[in-house]
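Per-entry structural report
Each chain, letter by letter, is given below.
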Amino acid sequence: MEITNRYDSAAPTWDQRIHALGYDHAYCEFLRSNVLTSGSVLDVGTGTGSFARAWIKSQGSQDITLLDASPRMLERARSAMMA
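What comes next is a walk through the structure. Just so it is clear, the model here is predicted, and its values are computed rather than measured. (Residues numbered from 1 in each chain as written. Predicted model: local features only at pLDDT ≥ 70, side-chain atom pairs only at ≥ 80, totals over all residues. Heavy atoms only, no water.)

Let us look at the nonpolar core. Formed by C28, L31, V35, V41, A52, A54, W55, I64, L66, L74 and A77, the largest nonpolar core amounts to 11 residues. Elements with a minimum of two residues in this core: α2 (23–31), α3 (50–57), β2 (64–67) and α4 (71–82). If near-sequence neighbours (up to four positions away) are discounted, A52 is found in contact with D43, T46, I64, L66 and M81. (Core = buried A, V, L, I, M, F, W, Y, C linked by side-chain atoms within 4.5 Å. Buried < 20%, exposed > 50% of the residue type's maximum accessible area, 1.4 Å probe, protein only. Helix = DSSP H or I, 4+ residues; strand = E, 2+ residues; numbered from the N terminus. Contact = heavy atoms within 4.5 Å.)

Given below as structure tokens:
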């Protein structure tokens, strides 16, 4: 799948790009009063997990499942969630 390969190759610098564009800050601002503190959460197309990390940082439920078509993106998301 060509799109998966593109995201796989972008994975190593994806978080830097998200940060440079201000997405991580925007996610936290949006979620500040919009999170569920309990229950299951599904993050589809998680990429490197920046939205999921913002969710947790905003006191959202930690019962979160991450899905992505790119194995390299998903691996980076898993690593970041464990840090």
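Glancing now at the pairing of β2. Burial of β2 is one-sided: the residues I64 and L66 facing one way are buried, the residues T65 and L67 facing the other way are not. Where strand β1 (residues 41–44) lies against β2, four bridges are found, and the strand directions are parallel. Following the sheet pairing, D43 is matched in β2 by L66. Handedness of the β-α-β unit built from β1, α3 and β2 comes out right-handed. (Pairing = 2+ DSSP bridges. Right-handed = clockwise from strand over helix to strand, strands pointing away.)

The next thing to look at is the side chain of T48. Counting through the fold element by element, T48 comes out in the loop between β1 and α3. Side-chain polar atoms of T48 contact the side chain of D15, separated by 2.5 Å. Beyond its immediate sequence surroundings of up to four residues, T48 is in contact with A11, W14, D15, R53, M73, R76, A77 and A80. (Polar contact = N/O pair within 3.5 Å; in protein donor to acceptor, adjacent residues only side chain to side chain.)

Before going further, it helps to examine the packing of helix α1 (residues 2–21) against α4. Axis separation between α1 and α4 bottoms out at 7 Å; the angle between their running directions is 30°. Taken together, the axes of α1 and α4 lie roughly parallel to each other. Contacts between α1 and α4 involve T4, Y7, D8, S9, A10, A11, P12 and W14 from the former and P71, R72, M73 and R76 from the latter. Taken together, the residues of the contact of α1 with α4 sort by class into seven nonpolar, two polar and three charged. (Axes fitted to C-alpha atoms, helices over the stretch in contact; angles between N-to-C directions. Parallel < 35°, antiparallel > 145°, perpendicular 65-115°, else oblique. Nonpolar A, V, L, I, M, F, W, Y, C, P; charged D, E, K, R; others polar.)

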